[in-house]
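Each chain is listed here by its residues.
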Amino acid sequence: MGPENAMTATTTTAQHTVLVSAPDFDPSAVFENGQCFRWERQPDGVWAGIAHGRRLRLRKDGEDLLLIGASIDEMDTLWRRYFDLDRDYTAIRTAFLQDTPLARAVAFAPGLRLLRQEPWETLCSFILSQNNNIPRIKGIIDRLCTAFGTPIPGGGFTFPLPEALAGLSVEELAPVRCGFRAKYVLDAARKVVDGTVQLEQLSAMPLDDARAALQTIHGVGPKVADCALLFGCGRLDCFPVDVWVRRILAAYYPNGFPEALRPLGGIAQQFLFHYERCHAASSK
DNA sequence: TACCAGGGCCTTT
DNA sequence: AAAGGCCATGGT
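Residues numbered from 1 in each chain as written. Chains lettered and ligands numbered in written order. Predicted model: local features only at pLDDT ≥ 70, side-chain atom pairs only at ≥ 80, totals over all residues. Heavy atoms only, no water.

> So what's going on with helix α4 (residues 100-108)? Residues and values would help.
Taken as a whole, α4 has its buried residues at P101, L102, A103, A105 and V106. Looking at the buried residues of α4, the elements they touch are α3 (89-96), α11 (243-252) and α12 (265-278). The N-terminus of α4 is capped by D99, whose side-chain oxygen sits 3.1 Å from the backbone nitrogen of L102. (Buried < 20%, exposed > 50% of the residue type's maximum accessible area, 1.4 Å probe, protein only. Helix = DSSP H or I, 4+ residues; strand = E, 2+ residues; numbered from the N terminus. Contact = heavy atoms within 4.5 Å. Polar contact = N/O pair within 3.5 Å; in protein donor to acceptor, adjacent residues only side chain to side chain.)

Here it is, written out as structure tokens:
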């Protein structure tokens, strides 16, 4: 871990708030760059989300990240990993400075980071994300969780396990209103439940084997597979190519993405994607 | 190979 | 208010 951004200082305040130093964690960049769908900014600036079957609220106070409603134990066993707090992003950003487009993207949003999300939720979410826009994706996932997840004390629902979906029919999924994606979600759930696709193995398999395994699911192509591997299995060398990224590659990397940065290609892609989307004509 | 369905949100007109 | 663009995958 990097010395100067080591996030080891952890203290507790009243009502189970855990405080951790995280100078390069920018919630709006982290939660609004398309990698996750269950985090929302509340009017008071606090971010509320559900992951690992738990509700969590969070806010940034200067360089400190405050996890509201978390215990020290949860911090160490769950959230430190989920928020990727032990990765040396200072070193990563430094490596990116050698590349002009990346240096610009890093300067624009230095607090952008990857979350380490759960494999099934990530796979299922990105199946639902295909040919779709973010507001609608969030609505679909919300309805899926409400209909088939488990209630969480204090409000909200867990993301439904594959076991909760595998036995359903397309008709039973109708209230979720995910259209033609319903049959894709059901095929994914069934293949995970019957062991055809072993999610826990995907983080260690040769990358092409992992991609091929995911793409045996009806409705999972190269883009969805790479999103599931990058965001849900920690495969940082995965580089999901959508329309935006295709545009970026054509515009800035006519000779291909630098070989030396390939092992961190997924993180690079997030910086480039975030910069480009925030500078698109329609978002000005 | 090229094209198109699907559906809801968005921007532009 | 209405029209048109967008989008990942599978099917034709």
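> Describe the side chain of Q117, listing the residues and the values that go with them.
Considering the arrangement of structural elements, one finds Q117 in the loop between α4 and α5 (119-129). There is a polar contact of 2.6 Å between the side chain of Q117 and the backbone oxygen of Q35. Residues within four places of Q117 in sequence aside, it is in contact with Q35, C36, Y82, T122, F231 and G232.

> Before we move on, can you summarise the protein's contact with DNA strand B with the specific residues and values?
Near DNA strand B, the surroundings consist of N131, N133, P135, R136 and F180. Sugar plus phosphate, as a fraction of atoms of DNA strand B within 4 Å of the protein: 67%. One of the side-chain nitrogen or oxygen atoms of N133 is found 3.4 Å away from a base nitrogen of DNA strand B. In this structure, a sugar or linking oxygen belonging to DNA strand B sits 3.3 Å away from a side-chain N or O atom of R136. Class assignment for the residues of the surface near DNA strand B results in two nonpolar, two polar and one charged. (Near = heavy atom within 4 Å. Nonpolar A, V, L, I, M, F, W, Y, C, P; charged D, E, K, R; others polar.)

> Summarise the side chain of S125; cite the residues concerned and give the values.
Relative to the assigned elements, S125 resides in helix α5. Those residues within four positions of S125 in sequence are excluded, and the remaining contacts are F37, I137, I141 and F159.

> If you had to explain the protein's contact with DNA strand C to someone new, which residues and values would you point to?
By nearness alone, 16 residues border DNA strand C, and N131, H218, G219, G221 and V224 come closest of all. Take the atoms of DNA strand C that sit within 4 Å of the protein: sugar and phosphate atoms are 67% of them. Between DNA strand C and the protein, one listed contact pairs a sugar or linking oxygen with a side-chain N or O atom of Q130 at 3.3 Å. Within the backbone of G219, one N or O atom sits 2.8 Å away from a phosphate oxygen of DNA strand C. Elements represented by at least two residues in the surface near DNA strand C include exactly α10 (222-233) and α11. Residues that form the surface near DNA strand C fall into these classes: seven nonpolar, six polar and three charged.

> Describe the packing of α5 against α10, and please don't skip the residues or the numbers.
Axis separation between α5 and α10 bottoms out at 8 Å; the angle between their running directions is 150°. Comparing the axis directions of α5 and α10 gives the class roughly antiparallel. For the crossing formed where α5 meets α10, the hand is right-handed. Here P119, T122, L123, F126 and I127 of α5 come into contact with α10, specifically with V224, C227, A228, F231, G232 and C233. Residues that form the contact of α5 with α10 fall into these classes: nine nonpolar, two polar and no charged. (Axes fitted to C-alpha atoms, helices over the stretch in contact; angles between N-to-C directions. Parallel < 35°, antiparallel > 145°, perpendicular 65-115°, else oblique. Left-handed = near helix turned anticlockwise from the far one by under 90°.)

> Quick rundown of the packing of aromatic side chains? Include the residues and the values.
The tally for this structure, following the rule as stated, stands at 17 aromatic pairs. Measuring from ring centre to ring centre gives 5.5 Å for F25 and F83, while their planes differ by 80°; the resulting arrangement is edge-to-face. Taken together, the positions of F25 in the loop between β2 (17-21) and α1 (27-31) and F83 in the loop between α2 (72-82) and α3 put the pair 58 residues apart, joining distant regions of the chain. Members of the aromatic cluster, each reached through a chain of ring pairs, are F25, F31, W39, W47, W79, Y82 and F83. The side chain of R247 reaches across the aromatic face of W244, ending 5.0 Å from its centre. (Phe/Tyr/Trp six-rings, centres within 6.5 Å; stacked < 30°, edge-to-face > 60°. Lys NZ or Arg CZ within 6 Å of the ring centre and 35° of its normal.)

> Describe in detail the domain arrangement of chain A, supporting the description with residues and values.
Here the domain parsing of chain A yields domain 1 (3-86) and domain 2 (119-233). Between domain 1 and domain 2, the C-alpha centre-to-centre distance is 25 Å. Each partner contributes residues to the interface: domain 1 has ten residues there, and domain 2 has 18 residues. Summed over both sides, the interface of domain 1 with domain 2 buries roughly 1,100 Å², with 64% coming from carbon and sulfur. Area buried by domain 1 at its contact with domain 2 is led by F37, R38 and R55, which between them contribute 59% of it. (Domains from an automatic or database assignment. Buried area = accessible area lost by both parts, 1.4 Å probe.)

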